Amino acid sequence: MICPSTKYSSYSTNITSVLSAFIQERPDPSLSHTDVLPDVPEDIFPMVLTSATQELFECRADEDVTQNNPYKLLKKDDILHDMKARAAVSDFHPVKQTVLNYPGEELLLVFDRDFKYGQSFYLVLTEEAKQRILQPPVSTDEEEPEEESEQYVCRTPEPQQPWVSLGSELEIEEESVKDTRERLKYLVSRVRKKFGAPVNFTDRNALESKEGYIECTSYQDRNFRLIQMERNSATQAVLNLKSSATQTQRTFPRNMYTQYKPRELTEEEKENYMSSENLKNFASSAFSRFEIAIQQNKIMDVFFDDWQALSEGDIAFGGKADTYLKEYQSFTDLQFSKDKSISCIKWHPTISGVIAVSVTEKMSFEERINGSTKLLLNPPLILFWSFSDPINPQLRLECPDDVLSFDFCPSDPNIIIGGCMNGQVESSFRYSSAYQTYPGSFVKNEIPVLLYCAVSSIENGHKAPVTDVQWLPENFEISITGVPVENQNQICVQVVTCAPDCCVMFWDIRAPRPAAHSQAERKQKMEEKQLENPRGIPNTFKYLDLSWKPLIKVYESVAVFVNETYKQYKSVKTTDRPEGKVEYALLRVPSEKQLKPLEDISTMFCVGTEDGELVYTSWKLGKDDDSGRLLSGKPSRCFIVHDSLVNTVKRSPFFKDIILTVGGWNFAVWKESVMNGPIILSPCSQKRCMVGCWSLSNPGMFFIGKEDGNIEVWDLLEKTHEPSHIQNISTASITCMKPWIISSKQHFLAVSDDFGTLHILQIPWTLRNPSSSESSVNKYFEKEVTRLMFFDKRKETMAKQKTATEAEEQKKKTELLVPEKLSEKTEEESLAEYESYLTLEKDILKEMGVSLQEEDKPSNEV
Amino acid sequence: MAEVEETLKRIQSQKGVQGIIIINAEGIPIKSTLDNSSTVQYAGLLHQLVMKTRSTVRDLDPQNDLTFLRVRSKKNEIMIAPDKDYFLIVIQNPSD
């Protein structure tokens, strides 16, 4: 409670009495209590000067020295003189000694009007004080209080401020605990005589009497029912919470486009540049650098890795075991394909590991007629095999007759077109969704059977077994005259078939234009449509059933056996294929005028015939002047190369114009532009070649299947006179071969034989690795072409020579009479020559100085 | 002009040369043996490359300068001779 920096007026007396020992108050003139004498500094001596002394030293109060000018300098000698004069009476007597000791000449006398030091004057005793007080005279007034306050400040660290009472001392008084009266003291003790006496304790039940105990029972205090209406609570003054929001500019990505064009120079500017001197100099100087660099590149290719290239060649010389075609799987069905022959194999284009085969009876025509009832009971089938199940086929497609060849539609693998033995073309449609449940969930003993959807009309179709079926690619379609036009649907809609009845037919799976049909046909169609489908045949191609007519018939002069795919020579920009199921019934063959003809698709195709010929012709129909009908043109080229029917005509997957044909006892490789003959013709082998196919990964390699069940692997760059590898697959003849690539490590060759077994062989790395590059195979073919050309030329020249020699001989014969005369003449002539020779000899010898006659003379002389 | 043409012909006649382009300092082609779109593409791209290369060489050593640039790729080799005002670009296929 005692705060040294403040003063409490009520306690002032007590405190000041305590403080006075420590604290020196600053003399405040406002304070009335002036009992306290301030402490006098040592170098100041307060003194009283009488009026006589004042007059003497001319320091009369309020006259010579005033409040404003309180300083008076007194001469030391004067003071001494005064002291001597008045001795003890002198006012300066108390300071006599100090004055005598004073060093300076003058002493300062200060008029203390306010009686600061208790007297009216004080004498400054030391020079320093004098200096201090006098200099500067202006600040002396301030110095004094400061000096004092300085002294006080060091004792009271904080400046004392008067305390203003706000009434809190009353509360403090209330709160403080004070004794209101003196504390009472009580001393309670027992009677002294009872100290130490024996005590008797008894028990008493507390509950006996009510006075035995005092309890405080609980009761509901009414006070607590009172609701506290007033309560002391603390509050804190805090700013209200303020919520604020900002809107940031949300940047989102946005496509920005800039279109720019490269800067180009005008012709004039280019001319200017080209003729400038600068460019000339630059070109000539730069040329030397380029020369070096280009020639360097030509001399040696420094980046060519010989080590890598070396290894490829090495592996080709690997052991025989490496080129073995391992059997991966073989499929036979005891029920359906035993004792039957497989006529065609096709891999499923989209589902990997699924292969379809068509099984046919091995019967000749007569046997068929005789056993026709049996044939009706066992309908011919196309079987679907999957790698996941080698024992049971996945699907059976029933066909109206033995299918010799079939093909999947490239744009929709659910459609299959097959060509039958009776000349009909059948189409089947598979539900893809139904099929996809099969790998895995297979119900035993129940192979699903699907029936064909539609067959072609018998009158308009082929008259002989259909030997080959091919789909046209989806880029173009053929119009009625055979002109390739743009295919607006971008799906495959057209099929080509051929048969030994000299026909190549083009079929369209879309419904023909209704205007072409007569009323009767339409009625028939309507009736057909209302027919029920007994076996759940999809209605997709119902409009074609039994009324399917070919679009174009191309007549050949020879029986046609197989034909070949047509590759479009310009890739048309592919628009998006229509997703989802295509309603074929809704598609219509468009009229020719609406479609744009495509110029750059070649209409030439190759056909192999039954007699072993290869025919190269166009399918465009030309107009026959006489009858006005559309007729097919004459074939451009015909070659008889094989001895028996041509069973394979295949294009190489690497080269667009190289074709392999297999037939009879040999095979041939053709180049489309070279129409003089095959560029490679194999020697006749001992067994018939039944089928051939190109390798899909190795240009220059192909496989030939033989009658004795052998497969020959031919590599054109390794050996051309014999196959590089022969392997026996089965004892029956090979009927069909198809290669397929499932993954980069799995290259398969599907081979079917006459027993009805389908073998899947795995092509080993040595055979599937492209040991030869395309360019080298190309070079080989070109070499062969040049050889062919050379042969032809030579034939011509030899023929010419022959005719020339014959002509000469003719000439000689006519001149027989003349030679007799000449012979006589020649004898005479030779004699004459001999004579002239002799004379010449003589002359020479004479000149040399040696002559026979002269020699004789000397011999004579001697 | 004839001299320049003759030099170009001499380069073109070397084996494997696929094309020649002359571009000015800004990258605009002056003369070319290739078609327009390829020329413009080559000019634009190679001009930037040469600028970058030249600045790299000069940064490493200010006394140095780029004299010849050869870019070898799998299929061909592009050679560029820079100059103060022009660039001469030759594309060659070294392997055949």
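Structural data are supplied above this passage.
Residues numbered from 1 in each chain as written. Chains lettered and ligands numbered in written order. Predicted model: local features only at pLDDT ≥ 70, side-chain atom pairs only at ≥ 80, totals over all residues. Heavy atoms only, no water.

(A) Structural detail: a negative patch on the surface. On the surface, a cluster of negative charge is contributed by Glu267, Glu268, Glu269 and Glu271 of chain A. Within the secondary structure layout, glutamate 268 of chain A lies in helix α8 (residues 267–275). (Patch = residues over 30% accessible without salt bridge, like charges linked within 9 Å, V, L, I, M, F, W, Y side chains within 5 Å. Areas by Shrake-Rupley, 256 points an atom, 1.4 Å probe, with all protein chains shown as cover. Salt bridge = Lys/Arg side-chain N within 4 Å of Asp/Glu carboxyl O. Lys, Arg positive; Asp, Glu negative; His and termini not counted. Charge placed at Lys NZ, Arg CZ, Asp CG, Glu CD. Helix = DSSP H or I, 4+ residues; strand = E, 2+ residues; numbered from the N terminus.)

(B) Seen up close, the pattern of salt bridges. For the structure shown, the criterion picks out 13 salt bridges over all chains. Where lysine 346 of chain A meets aspartate 407 of chain A, a salt bridge forms, and the shortest distance between an N and an O atom there is 3.8 Å. You can see lysine 346 of chain A sitting in strand β6 (residues 340–347) and its partner aspartate 407 of chain A sitting in strand β10 (residues 403–408), a full 61 residues away along the chain. Taken as a pair, lysine 346 of chain A and aspartate 407 of chain A share a single burial class, namely buried. The shortest N-O distance in the salt bridge between lysine 84 of chain B and aspartate 85 of chain B comes to 3.9 Å. Members of the salt-bridge network, linked through shared partners, are Asp301 of chain A together with Arg70, Arg72 and Glu77 of chain B. (Buried < 20%, exposed > 50% of the residue type's maximum accessible area, 1.4 Å probe, protein only.)

(C) A look at a nonpolar patch on the surface. On the surface, Ile299, Met300, Val302 and Phe303 of chain A cluster together to form a nonpolar patch covering roughly 490 Å² of accessible area. Mapped onto the elements of the fold, isoleucine 299 of chain A is located in helix α9 (residues 277–299).

(D) Structural context of the sheet that holds strand β4 (residues 77–82) of chain B. Spatially, β2-β1-β5-β4-β3 (chain B) is the arrangement adopted by the 5 strands of the open sheet, whose pairing is antiparallel. Each edge of the open sheet carries a strand with a single partner, namely β2 (29–32) and β3 (69–72) of chain B. When strand polarity is set aside, the average angle formed by the axes of neighbouring strands in this sheet is 15°. The strands touched by α8 of chain A within the sheet are β1 (17–24), β2 and β5 (86–92) of chain B, with β2 of chain B carrying the most contacts at an inclination of about 75°. Contacts from helix α1 (residues 2–12) of chain B reach β1, β2 and β5 of chain B within the one sheet, and its direction differs from that of β1 of chain B by about 150°. (Pairing = 2+ DSSP bridges. Axes fitted to C-alpha atoms, helices over the stretch in contact; angles between N-to-C directions. Contact = heavy atoms within 4.5 Å.)

(E) Structural detail: the nonpolar core. Grouped together as the largest cluster of nonpolar side chains are 23 residues, with contacts concentrated most on Phe290 of chain A together with Leu88 and Val90 of chain B. Looking at this core, the elements with two or more residues in it are α9 of chain A together with α1, β1, β4 and β5 of chain B. Ranked by residue count, the leading element in this core is α9 of chain A, at 8 residues. Ranked by size, the runner-up nonpolar core spans 20 residues in total, among them Phe655, Ile658, Ile704 and Phe781 of chain A. (Core = buried A, V, L, I, M, F, W, Y, C linked by side-chain atoms within 4.5 Å.)

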